[in-house]
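Read off the chains here:
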Amino acid sequence: MNVLLVFAHPEPRSLNGSLRDAALDELRRQGHAVRVSDLYAMGWKAAVDRSDFPSLPAGGRLGVAAASGQAFAAGALTDDVGSEQEALLWADAVILQFPLWWYSMPAILKGWVDRVYAHGFAYGVGEHSDRHWGDRFGEGRLAGKRAMLVVTAGGWDSHYGPRGINGPIEDLLFPIQHGILFYPGFSVLPPFVAYRVDRLDAAGFDRLETDLRARMRDLATTPPIPYRRQNGGDYAVPSLTLRPGLGAPGAAGFALHRDAPGDGRPAQETSAP
Ligand code: FAD
């Protein structure tokens, strides 16, 4: 497979840097072709602004989605954005690796998403009508590709458990896994999350490295999270609410958007390459 690893940590000698090197080594051992977008090393520009749309008429009001769509259609996005889009299209699997900062991704990585996910590329794809609200959530330009998060966190795993004070990790990562990865079509694999890492010793690192290498070996075969496809019949249109009777009894919030046993259908999956 072709694997793109998008890395968001400012220090190459960090724990994240060491885990990245282990992941890349294992992927190469498995015969995969690998590319890395090391956002800090690249000096990635995180904020979307007027300079992203050089063909916008001077003095014209900036509407980001409209300008993004026009620039994408005209091939007029900036070169840094164009190369990241090309890398996404090249990849069969994409890994986003980052330390959990304030319950989310570092700003530089969010800025990568904001700029690379242009209108017409990652959103605004397909028919948009009252019958079909775009090709998204399981469909879209990146359908057929796999994606996975590699995340380190200072908190303990219990802090992110079902009754943990931080909230369940699957809820915290839902905006990234469902809103950023599943939205443009990726099949999203369960994340690799390393907890309680701030005082990690050598033995702890060895355990993490072993587990991460195993996940890299299984990258092509790990079953994805069974998120419900928007256009698979589970949602009423145009309200896009889950149809009555679907979902596990008592389920609410983010958990509703995973296929539930008993819904009468097999788990949804976009095909792996
Ligand atoms: P580093 O600081 O580089 O290393 C961590 C430890 O691993 C060090 O003790 C290092 O010596 C050791 N180590 C062992 N072996 C190796 C090796 N081979 N290579 C490198 N290091 C090794 N945590 C949360 O849980 N939730 C949050 O919301 C949250 N928000 C944060 C916000 C900010 C702004 C910051 C700075 C931190 C936050 N944290 C939070 C903590 C953060 O997630 C962790 O500090 C981070 O994940 C650690 O990863 P690192 O790569 O920076 O580790």
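Residues numbered from 1 in each chain as written. Predicted model: local features only at pLDDT ≥ 70, side-chain atom pairs only at ≥ 80, totals over all residues. Heavy atoms only, no water.

- The name given to the protein in an unreviewed UniProt entry is NAD(P)H dehydrogenase (Quinone), and the organism recorded there is Methylobacterium goesingense.
- Here the protein is described in UniProt, under the heading Sequence similarities (unreviewed entry), as follows: "Belongs to the NAD(P)H dehydrogenase (quinone) family." (UniProt positions renumbered as here; feature names shortened; annotations may be inferred.)

**Notes on the overall build of the protein**
- A count of helices and strands for the protein gives 8 helices and 8 strands.
- Taken against the 2.2 N^0.38 rule, which gives 19 Å for 273 residues, the C-alpha radius of gyration of the protein at 19 Å falls within 12% of a compact globule.
- Seen through its C-alpha atoms, the protein measures out along the principal axes to roughly 55 × 50 × 40 Å.
- The burial tally for the protein puts 48% of its 273 residues in the buried class.
- Within the protein, contacts between residues at least 6 apart in sequence are counted, and of these 74% link residues at least 24 apart. (Helix = DSSP H or I, 4+ residues; strand = E, 2+ residues; numbered from the N terminus. Rg over C-alpha atoms; globule rule 2.2 N^0.38 Å. Buried < 20%, exposed > 50% of the residue type's maximum accessible area, 1.4 Å probe, protein only. Contact = heavy atoms within 4.5 Å.)

**Examining the UniProt feature "domain: Flavodoxin-like fold" (unreviewed entry) in the protein**
- Per the UniProt record, "domain: Flavodoxin-like fold" (unreviewed entry) is found at residues 1-203.
- Annotation note: span residues 1-203, helix share 33%, strand share 15%, distance between end C-alpha atoms 31 Å.

**A few points about the pairing of strand E1 (residues 2-7)**
- Burial analysis of E1 places 5 of its 6 residues in the buried class, which makes it a mostly covered element.
- Where E1 lies against strand E2 (residues 33-38), 6 bridges are found, and the strand directions are parallel. Following the sheet pairing, Phe7 is matched in E2 by Asp38.
- Chirality of the crossover, the property in question, places the unit of E1, helix H1 (residues 15-29) and E2 among those that are right-handed.
- Across 5 bridges, E1 lies against strand E3 (residues 93-99) in parallel orientation. Paired with Val6 across the strands is Leu96, a residue of E3. (Pairing = 2+ DSSP bridges. Right-handed = clockwise from strand over helix to strand, strands pointing away.)

**Overview of the layout of surface pockets**
- Approximately 260 Å³ is the volume attributed to the largest pocket.
- Val113, Asp114, Tyr117, Ala118 and Tyr123 are the residues nearest the centre of the largest pocket, which is lined by 19 residues in total.
- Those elements that place two or more of their residues in the lining of the largest pocket are helix H3 (64-73), helix H5 (107-116) and helix H7 (174-182).
- Tallying contributions element by element places H5 first for the lining of the largest pocket, with 4 residues.
- A breakdown of the residues in the lining of the largest pocket according to their chemical character gives 12 nonpolar, 3 polar and 4 charged. (1 Å grid on protein atoms, 1.4 Å probe; cavity = no way out; pocket = protein on both sides within 12 Å on 5 of 7 lines; lining within 4 Å. Points joined across faces, edges and corners; volume = space filled by probe spheres on them. Nonpolar A, V, L, I, M, F, W, Y, C, P; charged D, E, K, R; others polar.)

**Some points on empty space enclosed by the protein**
- Summed over all chains, the structure comprises 2 cavities of 30 Å³ or more.
- In this structure, the second largest cavity spans a volume of roughly 30 Å³.
- Every residue along the wall of the second largest cavity is listed here: Ala122, Tyr123, Gly124, Val125, His128, Gly134, Asp135, Arg136 and Tyr183.
- Here the lining of the second largest cavity is built from residues that sort into 4 nonpolar, 3 polar and 2 charged.

**Digging into the pattern of salt bridges**
- Taken as a whole, this structure holds 18 salt bridges when the rule is applied.
- Close ionic contact of Arg228 with Asp234 constitutes a salt bridge, the shortest N to O distance being 2.9 Å.
- Shared partners join several salt bridges into a network, and the residues in it are Asp25, Glu26, Arg29, Glu209, Arg213 and Arg217. (Salt bridge = Lys/Arg side-chain N within 4 Å of Asp/Glu carboxyl O.)

**Description of the site of the ligand**
- His9, Ser18, Thr152, Tyr160 and Asp198 are the nearest of the 21 residues found near the ligand.
- Within the side chain of Asn16, a nitrogen or oxygen atom sits 2.8 Å from an oxygen atom of the ligand.
- Between the ligand and the protein, one listed contact pairs a nitrogen atom with a backbone N or O atom of Gly154 at 3.1 Å.
- The protein chains hide 67% of the 980 Å² of surface that the ligand would expose on its own.
- Broken down by element, the residue count for the shell around the ligand peaks at 3 residues, all from H1. (Near = heavy atom within 4 Å. Polar contact = N/O pair within 3.5 Å; in protein donor to acceptor, adjacent residues only side chain to side chain. Areas by Shrake-Rupley, 256 points an atom, 1.4 Å probe, with all protein chains shown as cover.)

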